[in-house]
Amino acid sequence: MSTLKSTLDTTGPEYAAYREAMLAKLDELEAEHAKAVAGGGEKYTARHRERGKLLVRERIELLLDEDAPFLELSPLAGWGSDFRVGASVVTGIGVVSGVECMIIGNDPTVRGGASNPWTTRKIFRAADIALENRLPVINLVESGGADLPTQKEIFIPGGRLFRDLTRLSAAGIPTVALVFGNSTAGGAYVPGMSDYVVMIEERSKVFLGGPPLVKMATGEESDDEALGGAAMHARVSGLADYLARDEPDALRLGRRIVARLNWRKHGPAPAPATEPRYDPEELLGVVPEGLKVPFDPREVLARVVDGSEFDEFKPEYGNSLVTGWARVHGYPVGVLANARGILFSEESQKAAQFIQLANQTDTPLLFLHNTTGYMVGRDYEQGGIIKHGAMMINAVSNSKVPHLSVLIGASYGAGHYGMCGRAYDPRFLFAWPSAKSAVMGPQQLAGVLSIVARAAAESRGQPFDEAADTAMREAVEAQVEAESLPMFLSGRLYDDGVIDPRDTRTVLGLCLSAIHNNPVRGAQFDGTGFGVFRM
Ligand code: COA
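Quick caveat: nothing in here was measured; it's all calculated off a predicted structure. As a convention, each chain's residues are numbered from 1 in the sequence order in which they are written. Totals for whole chains, interfaces and linings use all residues, but because this is a predicted model, local features are given only for residues with pLDDT of at least 70 and pairs of side-chain atoms are given and counted only at 80 or more. Values shown for side chains rest on all heavy atoms present in the structure; no hydrogens or waters enter the calculation.

Chemist: Please explain the side chain of Ser399 as it appears in this structure.
Modeler: Put simply, DSSP marks the helices as runs of H or I at least four residues long and the strands as runs of E at least two long, and each gets a number from the N terminus on. Inspection of the secondary structure puts Ser399 in the loop between helix H15 (385-398) and strand S14 (403-412). For Ser399, the side chain forms a polar contact with the side chain of Asn359, separated by 3.0 Å. What qualifies as a polar contact is a pair of N or O atoms within 3.5 Å, subject to a donor-acceptor requirement within protein and to the restriction that residues adjacent in sequence count only when both atoms come from side chains. Among the polar contacts made by the side chain of Ser399, one reaches the side chain of His403 at a distance of 2.7 Å.

So this is what it looks like as C-alpha cells:
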C-alpha cells in the first residue's frame, strides 16, 4: 500500500493567501445558501407558522433518523434567475428508518410552493438520481401547482414529474407522498401516482379543480372538504391510504411506511474505513486563487481518501493526469485527477486504459477536474490528439461503473467532457467554490472572437475598429467569467451543488453509499467482447 506524502507548506504565505481567498468564496456561498433556507422570506414564513405548520426543512428533520446526515442537492437552483434561490423545493438524500431515501419537499412559503421552470428541473434531477441509485422517494407535498405566469416553460415538460413517479415504481423503487396541504390540479397526480399516500385531517387538499373551477366548469356548488379533504380521500375515494392527525403524525406514518419496505441494498458493503492522515481543513489552502498556477491533486487525495492510501497507476507516463486506486469511506474508487491542467495524447490514452480497468473490476470512478482542455497546436494535431481525446471520451461515455465528478479547479473545453462533465451522466457532480467551467477561458474566448472579427474586416476590405474591439473583449471576458462561476452553473442545475472543500470526503461517502443501493457493475468483461485495450 502506498501512502501519499504531503509537501503542502501550511506555514507559507501562499497557503495563507489561497486559504483566505477560499474562505471569502465560502462566505459568499453561505450567503446564497442562506437565501434558499429563508424560503419565501419573513412575511410568508410567519404566516405559515401562524397557520400552525412546520417549515419544509423542519418536516425533513423530523422525517429523518435522529442525527442522520442530509445530502442536500441543487440548493442554488434558480440562482441568477427571477425566482428565489432554491426554486421553492428542497431535495436531497437522507436516511429514514435506516433506508437512504430521496426526499422532495415543496416550500410552501415561496409563491404557495408553486413550481417554476427551475423547480421542475430540480425535481427531474432528483428523480433521475433516485432511479439510477435505487432510492425510495418521499414527496412532502404542499404546492400551488404550476407557477402560472411561466406555465409555457413548464406545462409540457412538467408532465415528466408524474411519469417519473410511476416509472420509479415500475423499477421496484417505492414512492411515498405525505400531503401537508394543497396538491391541486396537476399536483394531484403526485399522490395520484405514488405507491403510498398519507393525508392530514383538515389540512390536505387534493383535487383536480377547486370549488371555483368546479363552479365554472359544471355549475356545481362544493366545498374543499367534500371535493378533496383528507377524511374524504381516506374514507370515500380511497386515494389516501393513511389518515394522519397532524404533521408530526404524518411524518411518523411516513417513517413506518419506509420501515416496512424491507429494503436491502444490492451493492457490496464497504470495507472498514480509516480517516485520511492529513487534516481536511488544509484543503482550503491547496487551490491557487485564479487557477493560474498548477497544483498537485495528490494534495487533495491525501485529505480525502481512506488512510491517504493511493496506489498510483502509470505514475511515470502522461503525468499531467494522475490515475490510481483508493477507497473513500471503505468504498473502492479509481481516481482520475488532472495535475498540470492540459490533457495530451499520453494522458488521454492513459485515461482510456484506466477506465477500462475500472470496468473490468466493477470499481466506481472519481474524476477530479482541473483541466484547461486537450492540447492544441501543429505537433499535437499531427500526433493525433483528436483520436486520443476521442478514445478517452469514448471510454468515459461507454463506461458502466458509477462515476463521480468534482470540479475543484478549471473544467474547460472538451476536457470537461473527457473528465465526465454533466453531459456524460456522472451519478453525482459537485463543484468547489474555486471551480470554473466554460468552453474555454474568458481571455482566450474574447481573443478568438477578436481574431475572427479582424479577419472578417480584412476580407471585406474594411478598417478594423480597435477601440470597439477592446471594449468588446472586455465585455465578453467579464460575461464569460461570470458565466463560468460555480454559483451561476449551479443555479442552472449543471451540478448537484457547490460544496465546502472540507466536506468533500463526507459528500463522496454519502454518494458512494447511495450508489451502492444498486449493484455496481462495469461494462461486460465476460469473454464475449474484447479485453482491455492497452494504449
Ligand atoms: N402560480 C404563481 N403564483 C402563485 C401560485 C401559482 N400557481 N399560487 C400561489 N401563487 C402566489 C400568490 O399569487 C401569492 O403571491 P403574492 O403574495 O405576491 O400575492 C403567493 O404565491 C402566496 O399565495 P397565497 O394564495 O397567498 O398563499 P396561500 O398559502 O394562502 O394559498 C394556494 C396557497 C396554493 C392554495 C393558493 O395560492 C392557490 O390556490 N393557488 C393557485 C393554485 C392553482 O390553481 N394552481 C394551478 C395548478 S396547475
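Next comes the rest of the description.
Chemist: Would you mind showing me how to read the packing of aromatic side chains here?
Modeler: Two descriptors summarise a pair of aromatic rings, namely the distance from one centre to the other and the angle between the planes of the rings. Pairs were defined over the aromatic rings of Phe, Tyr and Trp, the Trp ring being its six-membered one, requiring ring centres within 6.5 Å. Orientation was assigned from the angle between planes: stacked under 30 degrees, edge-to-face over 60, tilted for the rest. The tally for this structure, following the rule as stated, stands at 7 aromatic pairs. Between the aromatic rings of Trp325 and Phe354, the centroid separation amounts to 4.4 Å while the plane-to-plane angle is 35°, which identifies the pairing as tilted. Of the two residues, Trp325 sits in strand S9 (residues 321-328) while Phe354 sits in helix H13 (residues 345-360), which places them 29 residues apart along the sequence. A 1.4 Å probe rolled over the protein chains alone gives each residue an accessible area, and that area as a share of the maximum for its type sets the label: buried under 20%, exposed over 50%, partly exposed in between. Take Trp325: its relative accessible area is 27%, and that puts it in the partly exposed class.

Chemist: Before we go on, may I ask you to explain the UniProt feature "domain: CoA carboxyltransferase N-terminal" (unreviewed entry) in the protein in this structure?
Modeler: UniProt positions are given in the numbering used here, feature names are shortened, and annotations may be inferred rather than shown by experiment. Per the UniProt record, "domain: CoA carboxyltransferase N-terminal" (unreviewed entry) is found at residues 22-273. As annotated, residues 22-273 comprises 43% helix and 17% strand, and the C-alpha atoms at either end are separated by 28 Å.

Chemist: I would appreciate a short explanation of the site of the ligand in the present structure.
Modeler: Throughout this document, a residue counts as near a molecule or strand when at least one of its heavy atoms sits within 4 Å of that molecule or strand. The local shell around the ligand holds 14 residues, among which Tyr44, Arg47, Arg51, Gly144 and Ala146 are the closest. Arg47 has a polar side-chain atom sitting 2.8 Å from an oxygen atom of the ligand. Measuring from a nitrogen atom of the ligand, one finds a backbone N or O atom of Ala146 at 2.8 Å. Note on areas: Shrake-Rupley with a 1.4 Å probe; residue coverage comes only from the protein chains shown. In the complex, 57% of the free accessible area of the ligand, which totals 870 Å², lies under the protein chains. For this classification, Asp, Glu, Lys and Arg are treated as charged, while Ala, Val, Leu, Ile, Met, Phe, Trp, Tyr, Cys and Pro are nonpolar and the rest, including Gly, are polar. Along the lines of polarity and charge, the residues of the shell around the ligand split into 6 nonpolar, 4 polar and 4 charged.

Chemist: What exactly am I supposed to notice about H15 here?
Modeler: Every α-helical turn comprises 3.6 residues, leaving residues that sit three or four positions apart pointing alike. A helix is expected to span 1.5 Å multiplied by its residue count minus one. Relative to the 20 Å expected for 14 residues at 1.5 Å per residue, H15 spans 20 Å between its end C-alpha atoms, a close match to the ideal helical length. All of the buried residues in H15 are Ile385, His388, Gly389, Met392, Ile393, Ala395 and Val396. Looking down the long axis of H15, one finds its buried residues gathered within 160° of arc, a one-sided arrangement. Within H15, the exposed residues directed more than 90 degrees away from the buried face are Ile386 and Lys387. Taking the helix axis as origin, the arc is that swept by the directions to the C-beta atoms.

Chemist: So what exactly am I meant to see when it comes to the UniProt feature "domain: CoA carboxyltransferase C-terminal" (unreviewed entry) in the protein here?
Modeler: Under the UniProt annotation, the feature "domain: CoA carboxyltransferase C-terminal" (unreviewed entry) is placed at residues 272-517. Helix makes up 41% of residues 272-517 and strand makes up 19%, while its end C-alpha atoms are separated by 18 Å.

Chemist: Hey, could you run me through the environment of Val190 in this one?
Modeler: Summarising the element assignment, Val190 is placed in helix H7 (residues 189-193). Residue Val190 is classed as buried on the basis of its relative accessible area, which comes to 14%. For Val190 and Arg163, which are 27 residues apart along the polypeptide, the C-alpha to C-alpha distance reads 9.8 Å. Setting aside residues up to four positions removed in sequence, Val190 forms contacts with Asn139, Val141, Phe162, Leu165 and Ala177. Two residues form a contact once any of their heavy atoms are found within 4.5 Å.

Chemist: Teacher, can you tell me more about the pattern of salt bridges here?
Modeler: Two side chains carrying opposite charge are able to pair once their charged atoms lie near each other. Only one rule defines a salt bridge in this text: a Lys or Arg side-chain nitrogen within 4 Å of an Asp or Glu carboxyl oxygen. Overall, the coordinates contain 30 salt bridges when judged by the stated rule. With a closest N to O distance of 2.7 Å, Arg505 and Asp306 form a salt bridge. Here Arg505, found in helix H20 (residues 504-515), pairs with Asp306, found in the loop between helix H12 (297-301) and strand S8 (311-313); they are 199 residues apart in sequence, far enough to count as distant. A relative accessible area of 5% means that Asp306 is categorised as buried. Ionic contacts of the salt-bridge type, sharing partners, join the residues Arg19, Glu281, Asp500 and Arg502 into one network.

Chemist: Where do I start with the packing of helix H4 (residues 117-133) against helix H6 (residues 160-170) in this structure?
Modeler: Each packed pair of helices is defined by two parameters, the angle between the axes and the distance between the axes. For the pair H4 and H6, interaxial distance at closest approach is 10 Å and the crossing angle is 10°. With respect to each other, H4 and H6 are oriented roughly parallel. The handedness of the crossing between H4 and H6 is left-handed. Residues Thr120, Ile123, Phe124, Ala127, Asp128, Ala130 and Leu131 of H4 pack against Arg160, Leu161, Asp164 and Leu168 of H6. Looking at the contact of H4 with H6 residue by residue, the classes come out as 7 nonpolar, 1 polar and 3 charged. Only the stretch in contact is used when a helix axis is fitted, and all axes are lines through C-alpha atoms; the angle between N-to-C directions ranges over 0 to 180 degrees. An angle below 35 degrees is read as roughly parallel, one above 145 as roughly antiparallel, one from 65 to 115 as roughly perpendicular, and any other as oblique. Left-handed describes a crossing whose near helix is turned anticlockwise from the far helix by less than a right angle; the clockwise case is right-handed.

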